Amino acid sequence: MKRPGKDTAAGFRKMSRRALIVGGAQAGFMGLLALRMRYMQVEEADKFRLLAEENRINIRLIPPARGEIFDRNGVPIAVNDPSYRITLTREDAGDVDAVLARLQAVVSLDDEELERARAELKRTQPFFPVTVADQVDWTDVTRIAVNTPALPGVTPEVGLTRTYPRGSDFAHVIGYVGPVSDYDLSKMEAPDQLLLIPRFQIGKVGVESKLEDDLRGKAGARRVEVNHIGREMRELDRREGQQGRDLQLTIDADLQNYLQARLDGESAAAVVMDVRNGDLLAIGSAPSFDPNLFVRGISVADYRALTDNTYRPLAAKAVQGIYPPGSTFKMVVALAALDAGLVGPEDTYYCPGHLEVSGRRFHCWKGAGHGHVNLEGSLRESCDVYYYELALELGIEKITAMSNRLGLGERMDIPMSAVAAGLTPTKAWKREARGQEWVIGDTVNSSIGQGYVLASPLQLAVMTARIASGTAVTPRLIKKINGIEQPSGEGPSLGLNENHLRQVRKSMYSVSNNRRGTAYGSRIIAEGYRMAGKTGTSQVRNITAKERAAGVRSNADLPWERRDHALFVDFAPYEDPRIAVAVVIEHGGGGSSAAAPVARDITLQALYGGEPPLDAYPTKDRNRIRELQNRLRDYNPSTGKDSKSRA
């Protein structure tokens, strides 16, 4: 065999050295790796076991602070107050029932609260914290802190809760918030992740609900490291949420308080509106309720007390309630007749106390009749026959067209719940809605605000403001959002003849200031503050021929629910209108006796920006008014206590 040459032997020697170098390097690297692994697995075992096996990174949403609500002068009416709560995270707790049992031994928990928490824990994702108890005191928080090792997954937190410092005054306007329900979620296509946090609060009714998107804000997030028992080890980073937008209403809180106090004891509603720009200065319903009861879930007993009340305290009557407007509707018919050229200010109709139409007798409220009556006299003394005659010449279509022009039959665009459109009927409406043809008697009934005609107190205030201003002013409830002024309610001209409007305004002035006027007893005598108004009384029952022959029964002799509704509308001052007021007192009897005095008092309170002087009232009323002012000065309608005692 041939021996290898010198070149081949030299090559082997080079390859062996290279292999040794590479092999040595690899062996050295493996040795270092082994040493590092030994260091990590033995010497640093505890540290990495904590990081690798027991710790988790959780992302937790930070609920934003809800936007607050203020009155037109900056008085807070819906605010956020600090509140302590106890939460439990299911995936950190392990045995939920055992943890809850230990928690109940540490702090006092209501069984109903615990059952609700268990139900929420079952249906929510395991990493979402569930509120077990809300509005707990600091003592409970410290007890939980001391017992943290025995309460895995339990965390005491400080948050914000909605509070309504003005109590019942704004309940029907701003509404209230409450925990998100399954029903709320069912109405949303893609609910915000915030809404999935158990007991997260959203607006349920009123402004709180209608402007929920503005008030809610945007969620923040925090990334935290927690150990196997749910204890938070450290916060890795945090992104703060965006607070909801603050709202400023057009309402004056002091005037609103007075309005609610003045309506106390009645089932009623009232609206005060600026005739120039549509600002709603006060809008209330009575009786009211304390919205704070609803924030964390109202008790069965409290809720039953509200729903069983005959006066329906939960109803926002000022916008939801629709009533036959009675004689307050006569300005609509008068303007329609003037606009159509069917009547002049001095033209008269004879009122013998009734009018025969198609074999049916339509009565005037004054059985003996008013005799010959012109436009001013018809409104001043509220003659029904005058308007029966006008309606027969006008027809329902022209009457309805004018009522729509003045804001009736229109759903007002304000952020309150269940705002009603009312009803201004036409022949086509009756055919479609009732399956019947319109008859002449329907037109006659409509002419005095009875029959099918329905309007809310808000609409009656708008009607009055439009008559006073001659413009299509619309109501405005939101003055500013986050400091940004919202569009005014100022409107264009109604396009009505100014002389016609002046004649109707003058007639309304006579209602309140002429001795023969139906509201003369509730007049304002202060110069520069006199009001122009119109009384209304709407029937809620039929008066049979037999009863009429025997004598119509007095409202005082009837059960409350069968008495007439009492209405009054006005604007003031007459010379330079600033405000319009509408008052409806359910089953109050007569508009002149029940509604006009209330409207007069509210009107003066609004004009003076506070308690008016006694010399603004007729001399005969001053002692009674002094007593009334003393009673109402610091009255809270929800409690009957001094308003200064409010929390």
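Note that the structure is a prediction, hence the values are computed from the model and not measured. (Residues numbered from 1 in each chain as written. Predicted model: local features only at pLDDT ≥ 70, side-chain atom pairs only at ≥ 80, totals over all residues. Heavy atoms only, no water.)

Asks: Before we go on, may I ask you to explain the pattern of salt bridges in this structure?
Replies: Pairing is possible between side chains of opposite charge, provided their charged atoms come close. Across all of its chains, the model carries 35 salt bridges by this definition. Where Asp274 meets Arg276, a salt bridge forms, and the shortest distance between an N and an O atom there is 2.9 Å. Overall, the relative accessible area of 7% leaves Asp274 in the buried class. The structure contains a network of salt bridges with shared partners spanning Arg66, Arg162, Asp192, Glu208, Glu212 and Arg216. (Salt bridge = Lys/Arg side-chain N within 4 Å of Asp/Glu carboxyl O. Buried < 20%, exposed > 50% of the residue type's maximum accessible area, 1.4 Å probe, protein only.)

Asks: Just checking my understanding: could you explain unusual backbone geometry for this structure?
Replies: The general pattern is negative phi for most residues beyond glycine and trans for most peptide bonds. The omega torsion of the bond from Ala286 to Pro287 falls at -5°, within 30 degrees of zero and hence cis. Positionally, Pro287 belongs in the loop between β12 (280-286) and α12 (292-295). Cis geometry marks the peptide bond from Ala572 to Pro573, where omega comes out at -15°. Relative to the elements of secondary structure, Pro573 occurs in the loop between β20 (565-572) and β21 (579-585). (Helix = DSSP H or I, 4+ residues; strand = E, 2+ residues; numbered from the N terminus.)

Asks: In this structure, what is going on with the packing of helix α15 (residues 330-339) against helix α17 (residues 384-394)? I would like to understand it.
Replies: Two quantities define a packed helix pair, namely the angle between the axes and the distance from one axis to the other. Put simply, α15 and α17 touch, their axes get as near as 10 Å, and they point 45° apart. Viewed along their axes, α15 and α17 adopt a mutual orientation that is oblique. For the pair α15 and α17, the crossing hand works out as left-handed. The residues of α17 that touch α15, namely those facing Lys330, Val333, Ala334, Ala336 and Ala337, are Asp384, Tyr387, Leu390 and Leu394. In terms of residue class, the contact of α15 with α17 is made up of seven nonpolar, no polar and two charged. (Axes fitted to C-alpha atoms, helices over the stretch in contact; angles between N-to-C directions. Parallel < 35°, antiparallel > 145°, perpendicular 65-115°, else oblique. Left-handed = near helix turned anticlockwise from the far one by under 90°. Contact = heavy atoms within 4.5 Å. Nonpolar A, V, L, I, M, F, W, Y, C, P; charged D, E, K, R; others polar.)

Asks: Got a minute to help me understand the packing of aromatic side chains in this structure?
Replies: Aromatic ring pairs are reported here in terms of the distance separating the ring centres and the angle at which the planes meet. Tallying each qualifying case throughout the model produces 13 aromatic pairs. Judged by centre distance (5.5 Å) and plane angle (50°), the ring pair of Tyr84 and Trp138 falls under tilted. Within this pair, whereas Tyr84 is found in strand β3 (residues 76-89), its partner Trp138 is found in helix α6 (residues 138-146), the two being separated by 54 residues in sequence. When its relative accessible area of 53% is taken as the criterion, Trp138 is described as exposed. Centre to centre, the rings of Phe571 and Tyr574 are 6.4 Å apart; their planes meet at 25°, and the pair counts as stacked. The positively charged end of Arg523 is found above the aromatic ring belonging to Tyr520, 3.9 Å away from the centroid. (Phe/Tyr/Trp six-rings, centres within 6.5 Å; stacked < 30°, edge-to-face > 60°. Lys NZ or Arg CZ within 6 Å of the ring centre and 35° of its normal.)

Asks: Please explain the nonpolar core as it appears in this structure.
Replies: Side chains that are nonpolar tend, in soluble globular proteins, to be buried together. With 99 residues, the main nonpolar core has Ile174 and Ile283 as its most contacted residues. In this structure, Ile174 is in contact with Ile69, Ile77, Ala78, Tyr164, Val205, Gly206, Val207, Glu208 and Leu249, ignoring residues within four places of it in sequence. Counting residues in hydrophobic clusters, the runner-up holds 37 residues, among them Leu255, Leu259, Ala572 and Ala616. (Core = buried A, V, L, I, M, F, W, Y, C linked by side-chain atoms within 4.5 Å.)

Asks: Please clarify how the sheet that holds strand β11 (residues 268-274) should be interpreted in this entry.
Replies: Whenever strands of a sheet pair, they do so through backbone hydrogen bonds, lying parallel or antiparallel. Overall, antiparallel pairing links the five strands, which are arranged β12-β11-β21-β20-β19 in an open sheet. Two strands close off the open sheet at either side, each with one partner strand: β12 and β19 (532-538). Pairs of neighbouring strands in the sheet enclose a mean axial angle of 5°, with direction left out of account. Contacting β11, β19, β20 and β21, helix α24 (residues 591-608) runs over the sheet at an angle of about 145° to β21. (Pairing = 2+ DSSP bridges.)

Asks: What is the right way to read the packing of α15 against helix α22 (residues 498-513) from this model?
Replies: Where α15 contacts α22, the two axes come as close as 10 Å, and the packing angle between them is 150°. When the axis of α15 is compared with that of α22, the two are roughly antiparallel. Where α15 crosses over α22, the two elements pack in a sense that is right-handed. Seen from α15, the contacting residues are Met331, Ala334, Leu335, Leu338 and Asp339; seen from α22, they are His500, Leu501, Gln503, Val504 and Met508. Residues belonging to the contact of α15 with α22 are distributed by class as follows: seven nonpolar, two polar and one charged.

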